[in-house]
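Listed below, chain by chain, are the residues.
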There are 2 protein chains.
Amino acid sequence: MRVETTPFTLCKRYPLTISRGTSASTTNLLVRIEHDAIQGIGEMAPMTFGERQEDAVTGARELGSLAEALADIAPWEMQRMEALIAWADVGPAARCALDMALHDWLGKRVGMPVYQLLGCDPHRIEPTSVTVGINPPEVVRERVAELVARTGARRLKVKLGSPEGIEADQAIFTAAREAAPATVLIRVDANGGWSLRDAERMIAFLAERGVEYVEQPLAAGREDELPALFRARRLPIFGDESSRTAADVPRLADRVDGVNLKLMKAGGIREGLRLIHTARAHGLQVMMGCMSESSLAIAASAAISSYADHLDLDSHLNLLPDHFSGLALREGRVLPSDAPGLGVHPSETQAPPGC
Amino acid sequence: MRVETTPFTLCKRYPLTISRGTSASTTNLLVRIEHDAIQGIGEMAPMTFGERQEDAVTGARELGSLAEALADIAPWEMQRMEALIAWADVGPAARCALDMALHDWLGKRVGMPVYQLLGCDPHRIEPTSVTVGINPPEVVRERVAELVARTGARRLKVKLGSPEGIEADQAIFTAAREAAPATVLIRVDANGGWSLRDAERMIAFLAERGVEYVEQPLAAGREDELPALFRARRLPIFGDESSRTAADVPRLADRVDGVNLKLMKAGGIREGLRLIHTARAHGLQVMMGCMSESSLAIAASAAISSYADHLDLDSHLNLLPDHFSGLALREGRVLPSDAPGLGVHPSETQAPPGC
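The sections below set out a description of the structure shown in this document. Bear in mind the structure is a predicted one, so any value in this text is a computation, not a measurement.

Conventions adopted
- Residues numbered from 1 in each chain as written.
- Chains lettered and ligands numbered in written order.
- Predicted model: local features only at pLDDT ≥ 70, side-chain atom pairs only at ≥ 80, totals over all residues.
- Heavy atoms only, no water.
- Salt bridge = Lys/Arg side-chain N within 4 Å of Asp/Glu carboxyl O.
- Pairing = 2+ DSSP bridges.
- Helix = DSSP H or I, 4+ residues; strand = E, 2+ residues; numbered from the N terminus.
- Contact = heavy atoms within 4.5 Å.
- Axes fitted to C-alpha atoms, helices over the stretch in contact; angles between N-to-C directions.
- Expected span 1.5 Å × (residues − 1).
- Buried < 20%, exposed > 50% of the residue type's maximum accessible area, 1.4 Å probe, protein only.
- Parallel < 35°, antiparallel > 145°, perpendicular 65-115°, else oblique.
- Left-handed = near helix turned anticlockwise from the far one by under 90°.
- Nonpolar A, V, L, I, M, F, W, Y, C, P; charged D, E, K, R; others polar.
- Polar contact = N/O pair within 3.5 Å; in protein donor to acceptor, adjacent residues only side chain to side chain.
- Buried area = accessible area lost by both parts, 1.4 Å probe.

## Re the pattern of salt bridges
Residues and elements named next belong to chain A.
And then number 1: Taken as a whole and assessed by the stated rule, the structure comprises 62 salt bridges over all chains.
And then number 2: Asp254 is paired through a salt bridge with Arg255; the nearest N and O atoms lie 2.8 Å apart.
And then number 3: The network of salt bridges with shared partners includes Lys157, Lys159, Asp189, Glu215 and Asp312.

## What to know about the pairing of strand 2 (residues 21-35) of chain A
Residues and elements named next belong to chain A.
And then number 1: Judged from the 13 bridges that link them, strand 1 (residues 2-18) and strand 2 form a sheet pairing that is antiparallel. In the sheet register, Leu10 faces strand 2, and the bridge partner there is Thr26.
And then number 2: The turn joining strand 1 and strand 2, which pair antiparallel and follow one another in sequence, is formed by 2 residues.
And then number 3: Relative to strand 3 (residues 38-44), strand 2 runs antiparallel, the two being bridged by 7 bridges. Its bridge partner lying in strand 3, His35 is registered against Ile38.
And then number 4: Hairpin remark: strand 2 followed by strand 3, antiparallel, with 2 residues in the connecting loop; positive phi at Asp36, about 55°.

## What about the sheet that holds strand 11 (residues 258-261) of chain A?
All names here are of chain A.
And then number 1: Taken in spatial order, the 8 strands make up an open sheet running 6-7-8-9-10-11-12-13, and their pairing is parallel. For this open sheet the edge positions go to strand 6 (129-132) and strand 13 (310-311), each flanked by a neighbour on one side alone.
And then number 2: By the bridge criterion, 5 bridges tie strand 7 (residues 155-159) to strand 8 (residues 185-189) in an arrangement that is parallel. Paired with Val158 across the strands is Val188, a residue of strand 8.
And then number 3: Strands in contact with helix 6 (residues 137-151) are strand 6 and strand 7; relative to strand 6, the strand with the most contacts, it is inclined by about 155°.

## Things to note about helix 4 (residues 92-110) of chain A
Residue and element names in this part refer to chain A.
And then number 1: Along its 19 residues, helix 4 runs 27 Å from first to last C-alpha, staying within 8% of the 27 Å computed at 1.5 Å per residue.
And then number 2: With 16 of 19 residues buried, helix 4 lies mostly within the body of the structure.
And then number 3: Count one or two residues on from helix 4 and you reach Gly111, which has phi positive near 75°.

## Concerning the packing of helix 6 (residues 137-151) of chain B against helix 7 (residues 166-179) of chain B
Residue and element names in this part refer to chain B.
And then number 1: At a minimum axis distance of 8 Å, the contact between helix 6 and helix 7 shows a crossing angle of 30°. In terms of their interaxial angle, helix 6 and helix 7 are classed as roughly parallel. The two elements helix 6 and helix 7 meet at a crossing, and its hand is right-handed. Of the residues in helix 7, those in contact with Pro137, Val140, Arg141 and Val144 of helix 6 are Ala171, Ile172, Ala175, Ala176, Glu178 and Ala179.
And then number 2: Looking at the contact of helix 6 with helix 7 residue by residue, the class counts come to 8 nonpolar, no polar and 2 charged.

## Considerations on the side chain of Lys159 of chain B
Residues and elements named next belong to chain B.
And then number 1: Mapped onto the fold, Lys159 is located in strand 7 (residues 155-159).
And then number 2: A relative accessible area of 9% places Lys159 in the buried class.
And then number 3: There is a polar contact of 3.1 Å between the side chain of Lys159 and the side chain of Asn191.

## With respect to the sheet that holds strand 8 (residues 185-189) of chain B
Residues and elements named next belong to chain B.
And then number 1: Spatially, 8 strands are ordered 6-7-8-9-10-11-12-13 in an open sheet, and the strand pairing comes out parallel. Only two strands of the sheet have a single partner each, and these edge strands are strand 6 (129-132) and strand 13 (310-311).
And then number 2: Pairing of strand 8 with strand 9 (residues 214-215), which is carried by 2 bridges, proceeds in the parallel orientation. Bridge pairing in strand 9 links Asp189 to Glu215.

## A look at the environment of Gly91 of chain A
Residue and element names in this part refer to chain A.
And then number 1: Its place among the elements puts Gly91 in the loop between helix 3 (78-87) and helix 4.
And then number 2: Sequence separation between Gly91 and Asp248 is 157 residues, and the spatial gap between their C-alpha atoms is 17 Å.
And then number 3: When neighbours within four sequence positions are excluded, Gly91 is seen to be in contact with Arg52, Glu54 and Glu62.

## A few points about helix 12 (residues 269-281) of chain A
Residue and element names in this part refer to chain A.
And then number 1: Compared with an ideal rise of 1.5 Å per residue, which puts 13 residues at 18 Å, helix 12 spans 18 Å between its outermost C-alpha atoms and is within 8% of the ideal.
And then number 2: Counting buried positions along helix 12 yields 12 of 13 residues, so the element is predominantly enclosed.
And then number 3: If you check which residues of helix 12 are buried, you get Ile269, Arg270, Glu271, Gly272, Leu273, Arg274, Leu275, Ile276, His277, Thr278, Ala279 and Ala281.
And then number 4: Once helix 12 ends, the next one or two residues include Gly283, with phi positive near 75°.

## Digging into the interface of chain A and chain B
And then number 1: Contact residues are listed per partner, giving 28 residues for chain A and 28 residues for chain B.
And then number 2: In total, about 2400 Å² of surface goes out of reach between chain A and chain B, with carbon and sulfur atoms giving 61% of it.
And then number 3: When the buried surface of chain A facing chain B is broken down by residue, Trp76, Gln79 and His277 of chain A rank first, second and third, together holding 27% of it.
And then number 4: Across the contact surface, chain A and chain B share 13 residue pairs in polar contact (both at pLDDT 80 or more).
And then number 5: Secondary-structure elements contributing two or more residues to the side of chain A that touches chain B are helix 3, helix 4, helix 5 (114-117) and helix 12 of chain A.

If you want it as structure tokens, here you go:
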């Protein structure tokens with residue numbers, strides 16, 4: 001196959017602030033493969049996991065260095081491809097983009113949407129949450145009202161772990177809860193921003209307010225403190241920054257209720273399915289999340305999202321413009337297209353100058 | 001889809017004796033599905049796991065009772081199908097046959113072999129072992145010579161756990177080792193026929209004689225004794241009767257080196273892949289084995305066999321006749337066909353009367 005990469009800029013409607021910082025735009029990488037006159041497309045979003053930082057520059061370099069080896073491989077040869085990619089130490093976000101393109105190609109080749117090829121039942125897709133970042137309570141209030149009105153969201157994810165401490169977190173949560181209709185369920189993501197003591201207090205506070213679950217209460221690397229939190233928990237606890245691939249699941253299985261699968265950190269659909277299966281074998285729940293991704297990468301997550309219990313696949317809803325189209329949003333659910341492959345295509349809209 | 005079942009009899013060239021008994025023939029069940037004028041076929045072999053006994057009669061009854069519900073489902077709707085099958089409590093061997101037929105259908109529908117749809121690299125398929133059962137040493141000697149000459153086998157699996165004790169086992173092993181060319185590697189399967197003390201002595205004996213690994217040394221249900229054996233092991237230990245699905249892997253992970261995946265006990269290709277992924281996440285090895293199966297069911301195992309470290313997919317080589325054709329046997333490797341689906345079709349040969 002031939003492979004080529006093109007960077008493109010995603011501009012956010014609202015800059016997103018989480019416990020670690022703020023982001024208003026990202027430079028992503030479009031990956032195109034071609035084989036037998038059929039194209040497949042995938043997308044890489046910038047990602048940092050542990051010590052490894054990936055962005056459009058590293059991704060283009062890593063995938064570019066494989067061009068010669070890939071010339072000899074057909075897109076369906078996924079096991080062979082994975083061996084090559086592991087050998088070349090391609091980062092997870094870059095391999096994710098390639099894995100998406102392979103699946104898109106395969107679906108187009110056989111004339112089926114990827115979700116059908118993978119056996120998924122779209123009727124089991126849960127509503128996605130939409131995310132409200134860390135902001136002053138009055139901004140949170142306004143943002144939540146706009147988000148719910150614009151997207152028809154049934155679930156809200158509130159980012160906490162504010163540098164200003166848990167009183168600020170409580171004020172943010174209260175503003176979000178008040179601004180959202182009572183039928184909208186709320187989950188919370190601390191992005192590792194709490195100490196053990198803060199986490200205990202916040203979980204008690206949130207449990208009394210009907211929250212669904214709490215994501216990554218403690219920082220990655222502090223998994224030894226999770227059992228203490230887990231034993232007395234009044235809400236389900238999900239790990240995100242603490243787990244990347246299937247191999248991370250066993251050592252978390254006795255201290256979380258579930259894990260957050262993001263294809264960008266896992267390395268694509270194939271490793272994503274491995275993580276889901278491993279989590280299930282341990283009786284864990286699975287949620288699926290995303291990085292800063294357009295409808296292209298979200299479509300890959302949507303294709304397997306019926307295997308997850310909770311979904312947070314909303315980054316494309318915070319873009320102006322979204323560079324790709326094809327996903328539906330119905331009653332708060334992000335649904336894959338019935339077109340072959342990932343079922344997305346470039347949008348007509350152009351990016352405004354200088355976002 | 002429509003589903004219909006037909007029993008058929010497999011006659012063995014050589015009756016197979018293992019630690020629990022002898023079998024000369026089995027009645028298997030052919031499962032045919034049809035949807036959009038495309039057929040898919042799968043096969044069920046009789047199986048006992050724990051308290052549950054499945055055979056062609058239970059399989060035909062269980063799948064027959066689903067006919068009405070299946071009428072409403074397309075073969076690619078595998079997640080929906082699995083929910084239905086779990087709800088109806090269909091046994092693993094019957095659901096395996098259905099799962100095989102779904103995959104065969106899907107491959108035929110899109111014009112690709114199942115192994116390609118699942119991304120498998122056929123160049124990574126290991127040689128299969130051929131199995132020699134428990135017999136007097138002179139019979140073992142003769143049988144091994146015939147098996148290796150006829151099949152070109154590169155691996156031999158010797159069944160031990162003889163009711164006559166470990167001296168008999170040692171004589172059987174010695175006869176097999178002497179009869180096999182030095183280039184043929186040998187693995188041993190005790191089918192749970194040893195006590196802990198016997199297992200320790202036999203593993204010491206076998207380790208000195210260059211055996212690859214030992215399968216199911218202790219009886220299922222005695223997993224509590226495995227850690228003692230595991231700690232001092234001089235050969236890799238694989239679990240078979242101790243594990244059925246992915247959910248069984250975590251509790252075995254600290255006491256075996258690998259697990260034996262049999263699609264018939266797992267419930268098909270989909271659960272087989274889940275088990276493989278879970279085992280890998282735990283750093284375990286995977287072997288694939290079989291029940292008494294024709295080339296039809298073996299073809300389903302062959303389609304994912306490149307994901308396993310060791311293969312024991314030989315039951316079709318011990319049939320006279322094999323009711324299905326399409327698999328290749330090259331340099332001791334069982335290779336899937338490049339024809340769409342599972343790539344097997346009914347053989348021309350007829351069964352001899354009254355095997």
